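Structural features, examined
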Amino acid sequence: MNKDISADSPAQGSRALNALEACADWAWEIDRERRLTYISDAFSQYTGYETSQYIGKKFVEIPGVQAGPQVNSPDIYALIDQLEPFRNLYLELLRPDGRLVMVSLNGYPLFDENNNHLGYRGIGMEVSEKIATNYILEHIKESVSDKVGGNYFEALTRGIAETLKVDYAYVVRMDDESQKSASTLSVFALGRPAENFSYDLANTPCAEVTQSTTRVIAQDVQQMFPEDLRLQEMGISGYASTPLYGSDDRCIGLLVVMSQAPLRQVELVTRVIELFADRAAAELQRAVTEERLVHQAYSDSLTGLANRPLAMDRLDHAIRAAHRADRRLYVLFIDLDGFKDVNDSMGHVQGDVLLQEVASRFSSTIREGETLARLGGDEFLVILEETEVAAGEFAAKRLLDSLVQPILLEGREFNITASIGVTQFPEDGDKPESLMRNADAAMYQAKNAGRNTYRFFTSEMNEQIRARIDMESRLWHALENDEFRLLYQPIIEIATGKIVAAEALIRWLNPELGYVLPEQFIHLAEDIGVIVPLGEWIIRKACSDCKLWRSNFSPAFAVAVNVSPRQFRDRHILKVLEASLEDYKLTRDAIQLEVTEDLIMQDVELARSILAEVTQDGTCVSIDDFGTGYSSLGYLKDFPFTNLKIDQSFVSNMRLNSDEATLVSTMIGMAHNLDLRVVAEGIETPQQLSILAGFHCDLGQGYYFSKPLPADEFQQLLYAGVKV
């Protein structure tokens, strides 16, 4: 504290005041109570008021005087209390004629010989608007110089509101590229920080600013924008705003000031908000960029949903919160049914469109406090922080119901369904990994139950999980360990009793499990992808054996090979077939492909396209298990089939004059009208063979002729023939 200045005698004080008045506009003196003990007559010409009536009063009690923009409190003595000399303490002065002037006070403290504070003495002078404005700008700059991000916006809105003496200052961010709505990033309102809010830009002065430049409305802004209800609620009269431009020269935000009274010093307000617009825009652009990077790191790029890392993080937090609150938590693991069919038939672009539509529909079912994530591919996850016992079931039903309406892709309707596994905390696990694993197991149970449904996890599923994992591991090694075998069942020409072809049937001979039937592993092989290399092996093995039998038995002999849905969708299988036939010097009719009608009806257009490509060079295609699906003989005319195989369920129950016999007779007759050869499966008795012969069925196979045989035994059967 500087106390070198002491109180002088009356004569000395008079000379001091005269000296001060000689170098300034007017002089003043206050006592320790901050009341004026002296103010020169020159003050009257600035105020328009008589100065003598203010002796004994404080500065702020003079009409029209208030603290200047650099003082954060109406009490201008906040600085004087420091008992230090000061310079450029600004006061705003509203003259009776309505002119607003800025005055600057310089002063020094007075002390007696014992260093007791007596008051202040100083000078006052009118300053130019430029000088005052520069001081204001420097004051705001100093307050925000070391701030970044949100702290910068908070300091800026506070600094602008307090220095310009406006009721509101806030920084706005555009919510989207359409610029139809906005959210505030920082609000300083009525002398204090306030909560941020969002609002529709339509019919507001802010909407005009986003499309133009700085907009200043000194007063009556409500009358200009009568539909802006927020202006009315806040009682706003004066408004000013300037746009904040991003790196692409697009308006990404606004800097706004508003006042309940008309704006004073319009030019100063304009200069302040424009000067700080560039820095505010840079901070906003940085915030937008950082948010985008965070969004990219923790959201799915295709659907915009939370991705797997974010989902696992939220699940971990949800488990902790549920544990603290002693409440239940549900996890729903969702896998779409038949998505691979759509993706393969329509291509990945349309597959992505379908995933986006599914994500949108799922999102419409999600409630506040719930998390929806895409884990990858066609897998989704929902986290429910609920206490209701039935919450998991209700959520699963909502998700399934959202997929009831078909999805339109390039003019075609696709009915997509989902299988959902539901698990809960704390009953089914207390770690994210265990809950996810159990929900996945429950989802597979929903698949096995027919799909388009949900299942809750049960403890018995753990054994099923282990069995599935074990089977998957064995399957991956089975091909490289040469554990697969092809067995052949003869196909007989009923009219002559000759073996004309054979159906190749896959078997898995595992050292520990023994013979594993197709129904026990084909579906799993399809799920994990083993079916593709396995299908290639089957075709090459069938070609190798067929080559031998054509050479040693009949040049017209053929082998029928079953094609799985995944193989059928994968056009690579066609290249494998073509290469194998060429390697073994076989004609196209040596290998016949068998497809089910269910496979055909999954995507009629894709089936028609692939079958046309397969048969154009003479490859024969049979429709297998006919009568067990949803199609009819009417569809057959639209596909280039050569054979129709009647499912064994019709043949095994067939008796003379029975309903099954009537159905079989009808199938044979209509197939012949379409120039299709008919193969009857599952023939086990002479009576069944006799009935089929009477219906002029072309071909037959079944245990009546022979069980499926290994290649060497089948070759012996070719030479020996079968008993008809």
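Residues numbered from 1 in each chain as written. Predicted model: local features only at pLDDT ≥ 70, side-chain atom pairs only at ≥ 80, totals over all residues. Heavy atoms only, no water.

Positionally, alanine 391 belongs in helix H13 (residues 391-401). Residue classification places alanine 391 among the buried positions, given a relative accessible area of 9%. On a C-alpha basis, the gap between alanine 391 and arginine 328 in space is 9.6 Å, while along the polypeptide they are 63 residues apart. (Helix = DSSP H or I, 4+ residues; strand = E, 2+ residues; numbered from the N terminus. Buried < 20%, exposed > 50% of the residue type's maximum accessible area, 1.4 Å probe, protein only.)

Quick look at the side chain of serine 622 now. Summarising the element assignment, serine 622 is placed in strand E26 (residues 620-626). Among the polar contacts listed, one links the side chain of serine 622 to the side chain of asparagine 643, at a separation of 3.3 Å. When neighbours within four sequence positions are excluded, serine 622 is seen to be in contact with Gln592, Leu593, Glu594, Val595, Phe641, Asn643 and Lys645. (Polar contact = N/O pair within 3.5 Å; in protein donor to acceptor, adjacent residues only side chain to side chain. Contact = heavy atoms within 4.5 Å.)

Another point: empty space enclosed by the protein. Tallied over the entire structure, the rule returns four cavities of 30 Å³ or more. Empty space within the second largest cavity amounts to approximately 60 Å³. Residue lining of the second largest cavity: Val563, Phe568, Ile573, Leu574, Leu593, Val595, Ile610, Leu611, Val614 and Val621, and that is the complete set. Those elements that provide at least two residues to the lining of the second largest cavity are helix H19 (572-583), strand E25 (591-596) and helix H21 (604-615). Of all the elements, H21 adds the most residues to the lining of the second largest cavity, at three residues. Residue classes in the lining of the second largest cavity are distributed as 10 nonpolar, no polar and no charged. (1 Å grid on protein atoms, 1.4 Å probe; cavity = no way out; pocket = protein on both sides within 12 Å on 5 of 7 lines; lining within 4 Å. Points joined across faces, edges and corners; volume = space filled by probe spheres on them. Nonpolar A, V, L, I, M, F, W, Y, C, P; charged D, E, K, R; others polar.)

Here the protein chain averages 83 in pLDDT, and 88% of its residues register 70 or above. With pLDDT under 50 throughout, residues 1-5 is counted as low confidence; its partners more than four residues away or in other chains account for 14 contacts. (pLDDT = per-residue confidence, 0-100.)

This next bit is on the pairing of strand E22 (residues 498-510). A large share of E22 lies buried, amounting to 10 of its 13 residues. As defined by bridge partners, strand E21 (residues 484-493) adjoins E22 across 10 bridges and the pair is classed as antiparallel. Across the sheet, the residue bridging to tyrosine 488 is alanine 504, located in E22. If you look at the hairpin formed by E21 and E22, you'll find four residues sitting between the two strands, and glycine 497 has a positive phi there, around 80°. Pairing of E22 with strand E24 (residues 558-562) involves four bridges; the strand directions are parallel. (Pairing = 2+ DSSP bridges.)

To continue, consider the pattern of salt bridges. This structure, assessed with the given rule, holds 24 salt bridges. For the salt bridge of glutamate 357 with arginine 361, the shortest nitrogen-to-oxygen distance reads 2.8 Å. Within this pair, glutamate 357 and its partner arginine 361 are both found in helix H12 (residues 348-365), separated by four residues, close to a single helical turn. In this structure glutamate 357 comes out as partly exposed when scored by relative accessible area, which is 30%. Residue lysine 397 is joined to glutamate 393 by a salt bridge in which the shortest nitrogen-to-oxygen separation is 3.5 Å. One end of the pair, lysine 397, and the other, glutamate 393, are both in helix H13, four residues apart, so they sit about a helical turn from each other. Linked through salt bridges whose partners overlap, the residues forming this network are Glu503, Glu594, Lys645 and Glu681. (Salt bridge = Lys/Arg side-chain N within 4 Å of Asp/Glu carboxyl O.)

Next up on the list: unusual backbone geometry. In this chain, phenylalanine 425 is followed by proline 426 through a cis amide linkage whose omega measures 10°. Note on placement: proline 426 falls in the loop between strand E19 (417-425) and helix H14 (432-448). Even without being glycine, aspartate 220 reaches a positive phi, approximately 60°. Here aspartate 220 falls in the partly exposed class, since its relative accessible area comes to 37%.

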